[in-house]
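Report on the structure
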Amino acid sequence: MSMIGHLRMISDDGIDALLADPEAIYGIIDATDDQEDTPSLDLGKAWHAIHYILTGSAWSGTFPEGFLLTGGTPIGEEDVGYGPARAFYASEVVILASTLVNLDDATFCDRCSVERLQAADLYPGFAGASDADVCSDLLAAFQQLRNFLQQAAATQQGLLVYLD
(Lines give C-alpha, C1' and ligand atoms only; values in the text may rest on other atoms or scores of the structure.)
Protein backbone atom coordinates (compact mmCIF):
# COMPACT_ATOMS: atom_id res chain seq x y z
CA MET A 1 0.00 0.00 0.00
CA SER A 2 1.31 3.44 -0.90
CA MET A 3 1.38 6.58 1.20
CA ILE A 4 0.31 9.43 -1.08
CA GLY A 5 0.43 13.08 -0.03
CA HIS A 6 -2.57 15.22 -0.97
CA LEU A 7 -3.38 18.91 -0.72
CA ARG A 8 -6.73 20.49 -1.50
CA MET A 9 -7.73 24.13 -1.43
CA ILE A 10 -10.69 25.00 0.75
CA SER A 11 -12.23 28.23 1.97
CA ASP A 12 -11.92 29.27 5.60
CA ASP A 13 -15.71 28.83 5.85
CA GLY A 14 -15.29 25.32 4.47
CA ILE A 15 -12.72 24.57 7.17
CA ASP A 16 -15.09 25.85 9.85
CA ALA A 17 -17.88 23.67 8.44
CA LEU A 18 -15.61 20.60 8.54
CA LEU A 19 -14.59 21.33 12.10
CA ALA A 20 -18.29 21.48 13.04
CA ASP A 21 -19.02 18.24 11.12
CA PRO A 22 -15.77 16.26 10.77
CA GLU A 23 -17.45 13.30 9.04
CA ALA A 24 -18.10 15.58 6.05
CA ILE A 25 -14.37 15.23 5.24
CA TYR A 26 -15.13 11.93 3.50
CA GLY A 27 -17.33 13.67 0.94
CA ILE A 28 -14.41 15.95 0.08
CA ILE A 29 -11.69 13.30 0.16
CA ASP A 30 -13.72 10.80 -1.85
CA ALA A 31 -14.95 13.28 -4.47
CA THR A 32 -13.71 12.47 -7.95
CA ASP A 33 -12.25 15.16 -10.17
CA ASP A 34 -15.51 15.50 -12.12
CA GLN A 35 -17.50 15.90 -8.88
CA GLU A 36 -15.19 18.45 -7.29
CA ASP A 37 -13.85 21.56 -8.99
CA THR A 38 -11.68 22.59 -6.04
CA PRO A 39 -8.00 22.71 -6.98
CA SER A 40 -5.97 19.88 -5.53
CA LEU A 41 -2.43 18.57 -5.73
CA ASP A 42 -1.26 14.98 -5.50
CA LEU A 43 2.38 14.86 -4.40
CA GLY A 44 2.53 11.12 -4.83
CA LYS A 45 5.30 9.59 -2.76
CA ALA A 46 7.48 12.73 -3.00
CA TRP A 47 5.81 14.27 0.08
CA HIS A 48 8.17 12.61 2.56
CA ALA A 49 11.40 13.64 0.86
CA ILE A 50 10.08 17.19 0.38
CA HIS A 51 9.21 17.31 4.08
CA TYR A 52 12.72 16.14 4.94
CA ILE A 53 14.35 18.69 2.62
CA LEU A 54 12.25 21.47 4.16
CA THR A 55 12.76 20.45 7.81
CA GLY A 56 15.89 18.32 8.02
CA SER A 57 13.81 15.74 9.90
CA ALA A 58 12.07 12.58 8.74
CA TRP A 59 9.03 12.76 11.03
CA SER A 60 8.94 16.06 12.85
CA GLY A 61 9.03 19.74 12.09
CA THR A 62 7.40 22.99 13.03
CA PHE A 63 5.22 25.43 11.19
CA PRO A 64 5.68 26.50 8.50
CA GLU A 65 8.34 24.13 7.11
CA GLY A 66 6.84 20.98 8.63
CA PHE A 67 3.30 21.50 7.33
CA LEU A 68 3.25 18.34 5.19
CA LEU A 69 3.37 16.20 8.35
CA THR A 70 2.67 18.46 11.32
CA GLY A 71 0.66 21.47 12.34
CA GLY A 72 -2.64 22.78 11.20
CA THR A 73 -5.97 21.91 12.77
CA PRO A 74 -6.97 18.22 12.66
CA ILE A 75 -10.39 17.60 11.17
CA GLY A 76 -11.75 15.69 14.12
CA GLU A 77 -10.45 12.19 14.57
CA GLU A 78 -11.61 10.99 11.16
CA ASP A 79 -8.93 8.68 9.75
CA VAL A 80 -8.65 9.43 6.02
CA GLY A 81 -5.83 6.98 5.39
CA TYR A 82 -2.99 7.80 7.75
CA GLY A 83 -4.69 9.84 10.43
CA PRO A 84 -6.95 12.86 10.14
CA ALA A 85 -6.73 15.53 7.46
CA ARG A 86 -5.28 18.78 8.76
CA ALA A 87 -6.54 22.22 7.82
CA PHE A 88 -4.60 25.43 7.38
CA TYR A 89 -6.52 28.69 7.21
CA ALA A 90 -5.87 31.19 4.41
CA SER A 91 -3.70 33.35 6.68
CA GLU A 92 -1.48 30.32 7.35
CA VAL A 93 -1.33 29.46 3.64
CA VAL A 94 0.12 32.93 2.98
CA ILE A 95 2.95 32.07 5.39
CA LEU A 96 3.45 28.66 3.74
CA ALA A 97 3.60 30.19 0.27
CA SER A 98 6.07 32.84 1.42
CA THR A 99 8.28 30.21 3.05
CA LEU A 100 8.42 28.02 -0.04
CA VAL A 101 8.96 30.89 -2.46
CA ASN A 102 12.04 31.81 -0.42
CA LEU A 103 13.59 28.38 -1.02
CA ASP A 104 15.15 28.57 -4.47
CA ASP A 105 15.64 25.57 -6.73
CA ALA A 106 19.43 25.49 -6.29
CA THR A 107 19.18 25.35 -2.49
CA PHE A 108 16.49 22.67 -2.73
CA CYS A 109 18.76 20.55 -4.94
CA ASP A 110 21.75 21.12 -2.65
CA ARG A 111 19.74 19.50 0.16
CA CYS A 112 18.72 16.61 -2.06
CA SER A 113 21.26 13.82 -1.97
CA VAL A 114 20.37 10.15 -2.19
CA GLU A 115 22.86 9.38 0.58
CA ARG A 116 21.13 11.78 3.01
CA LEU A 117 17.64 10.67 1.98
CA GLN A 118 18.55 7.01 2.52
CA ALA A 119 20.23 7.75 5.86
CA ALA A 120 17.00 9.43 7.01
CA ASP A 121 15.09 6.23 6.13
CA LEU A 122 12.45 8.08 4.15
CA TYR A 123 9.43 6.61 2.46
CA PRO A 124 9.54 5.08 -0.15
CA GLY A 125 13.32 4.72 -0.22
CA PHE A 126 15.83 5.71 -2.86
CA ALA A 127 18.10 2.68 -3.30
CA GLY A 128 19.84 2.59 -6.65
CA ALA A 129 18.76 6.09 -7.68
CA SER A 130 21.17 8.78 -8.75
CA ASP A 131 21.32 12.23 -7.14
CA ALA A 132 20.48 13.84 -10.49
CA ASP A 133 17.39 11.70 -11.08
CA VAL A 134 16.10 12.08 -7.53
CA CYS A 135 16.73 15.82 -7.50
CA SER A 136 14.98 16.23 -10.84
CA ASP A 137 11.89 14.30 -9.70
CA LEU A 138 11.68 15.92 -6.28
CA LEU A 139 12.34 19.41 -7.65
CA ALA A 140 9.46 19.01 -10.12
CA ALA A 141 7.13 18.00 -7.27
CA PHE A 142 8.42 20.84 -5.08
CA GLN A 143 7.84 23.37 -7.86
CA GLN A 144 4.27 22.11 -8.24
CA LEU A 145 3.79 22.44 -4.48
CA ARG A 146 5.26 25.94 -4.41
CA ASN A 147 3.04 27.04 -7.32
CA PHE A 148 -0.02 25.44 -5.73
CA LEU A 149 0.56 27.29 -2.46
CA GLN A 150 1.12 30.57 -4.31
CA GLN A 151 -2.19 30.07 -6.14
CA ALA A 152 -3.99 29.28 -2.87
CA ALA A 153 -2.50 32.35 -1.18
CA ALA A 154 -3.37 34.61 -4.12
CA THR A 155 -6.99 33.44 -4.04
CA GLN A 156 -7.22 33.55 -0.22
CA GLN A 157 -7.86 29.83 0.10
CA GLY A 158 -7.15 27.58 3.02
CA LEU A 159 -5.68 24.12 2.65
CA LEU A 160 -6.38 20.52 3.58
CA VAL A 161 -3.34 18.24 3.86
CA TYR A 162 -3.66 14.48 4.24
CA LEU A 163 -1.96 11.18 3.54
CA ASP A 164 -3.75 8.14 2.19
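For the structure, check the block above.
No experiment lies behind these values; they were computed from the predicted model shown.

Following both chains from N to C, one finds helix H4 (residues 90–101) and helix H7 (residues 131–154) inclined at 140°, their axes separated by 8 Å at the closest point. On the basis of the axis angle, H4 is oblique to H7. Two packed elements cross with a definite hand, and for H4 against H7 that hand is left-handed. On H7, the residues that touch Val93, Val94, Leu96, Ala97, Leu100 and Val101 of H4 are Phe142, Leu145, Arg146, Leu149, Gln150, Ala152 and Ala153. Here the contact of H4 with H7 is composed, by residue class, of 11 nonpolar, one polar and one charged.

What follows concerns the nonpolar core. Counting 44 residues, the largest nonpolar core has Leu7, Ile50, Phe67, Leu145 and Leu159 as its most contacted members. In terms of residue count, H7 provides more of this core than any other element does, 11 residues in total. In this view, phenylalanine 67 contacts Leu7, Leu54, Arg86, Phe88, Leu96, Leu100, Leu145, Leu149, Leu159 and Val161; residues no more than four positions away in its chain are not counted. Ranked by size, the runner-up nonpolar core spans 12 residues in total, among them Leu18, Ile28, Ile29 and Ala87.

So, about the state of the cysteines. Under the definition given, this model contains one disulfide. The disulfide partner of cysteine 109 is cysteine 135, and the S-S distance across this bridge is 2.3 Å. Residues cysteine 109 and cysteine 135 share a disulfide whose torsion about the S-S bond is about -70°; that sign makes it left-handed. You can see cysteine 109 sitting in helix H5 (residues 105–110) and its partner cysteine 135 sitting in helix H7, a full 26 residues away along the chain.

Quick notes on the rules
- Residues numbered from 1 in each chain as written.
- Predicted model: local features only at pLDDT ≥ 70, side-chain atom pairs only at ≥ 80, totals over all residues.
- Heavy atoms only, no water.
- Axes fitted to C-alpha atoms, helices over the stretch in contact; angles between N-to-C directions.
- Helix = DSSP H or I, 4+ residues; strand = E, 2+ residues; numbered from the N terminus.
- Parallel < 35°, antiparallel > 145°, perpendicular 65-115°, else oblique.
- Left-handed = near helix turned anticlockwise from the far one by under 90°.
- Contact = heavy atoms within 4.5 Å.
- Nonpolar A, V, L, I, M, F, W, Y, C, P; charged D, E, K, R; others polar.
- Core = buried A, V, L, I, M, F, W, Y, C linked by side-chain atoms within 4.5 Å.
- Buried < 20%, exposed > 50% of the residue type's maximum accessible area, 1.4 Å probe, protein only.
- Disulfide = S-S within 2.5 Å.

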